[in-house]
Amino acid sequence: MCFCPRILVQICKTQAFQKLNPAEFELHDEVSDAILTGTEEWFNIQKGLNQPMTKDLSEIVSALSRLIAEVQEDIKHNKDAWNRVFV
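Residues numbered from 1 in each chain as written. Predicted model: local features only at pLDDT ≥ 70, side-chain atom pairs only at ≥ 80, totals over all residues. Heavy atoms only, no water.

1. Observations regarding the overall build of the protein chain
For the record, the criterion: Secondary structure elements follow DSSP: runs of H or I of four or more residues count as helices, runs of E of two or more count as strands, with numbering from the N terminus. Remark: exposure states derive from per-residue accessible area (1.4 Å probe, protein chains only) relative to the maximum for the residue type, with buried under 20%, exposed over 50%, and partly exposed in between. Pairs of residues are marked as contacts when any of their non-hydrogen atoms sit within 4.5 Å. Accessible surface is estimated by sampling points in the Shrake-Rupley manner with a 1.4 Å probe; for residues, cover comes only from the protein chains shown.
Helix and strand counts for the protein chain come out as four helices and zero strands. Reading the protein chain from its N terminus to its C terminus gives the helix and strand order α-α-α-α. Counting every position in the protein chain, which comprises 87 residues, the buried fraction comes to 17%. Considering only intrachain contacts with a sequence separation of at least 6, the fraction spanning at least 24 residues in the protein chain is 50%. Only carbon and sulfur atoms are counted for the fraction: they give 60% of the accessible area of the protein chain, which is about 6,900 Å².

2. A look at the side chain of Asn 50
Take Asn 50: it is sitting in the loop between helix H3 (26–49) and helix H4 (57–86). The exposure class of Asn 50 is buried, given its relative accessible area of 12%.

3. Describing the side chain of Gln 46
By secondary structure assignment, the location of Gln 46 is in helix H3. By relative accessible area, Gln 46 is classed as buried at 11%. Once residues within four sequence positions are removed from consideration, Gln 46 is found in contact with Leu 67 and Glu 70.

4. Regarding the confidence of the model for the protein chain
To keep things clear, this is the line we draw: pLDDT measures how confident the predictor is about each residue, on a scale from 0 to 100.
Per-residue pLDDT for the protein chain averages 79, and the proportion of residues at 70 or more is 79%. Across the protein chain, H4 holds the top mean pLDDT of 86, while helix H1 (residues 4–13) sits lowest at 70.

Printed below as a string of C-alpha cells:
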C-alpha cells in the first residue's frame, strides 16, 4: 500500500520499461493513481467488513484489531508477490 511509489520506481528502472517508454512519465502518474485508488477502495471494503456490531469499547477494539490483522496479512502477501517479480 504505502510501498506503491517504490514499486513504480523499480518498474521504471527495468530495462524493458526503459525500451518501451523511455521518457513517458504520464504512464507513471496513471499507474500511481490507479494503485492509490485501488488501495483506498480495498481498505474501505475491509474497513466496512470489520465494523463493530455495537458501540461497546471491547467490540470496537476487536474490530480494529481484525482490520489491522487484515492489512498486515495483505502487506505480507503482496511483499512476497512483488519480491518474486523484482528478484
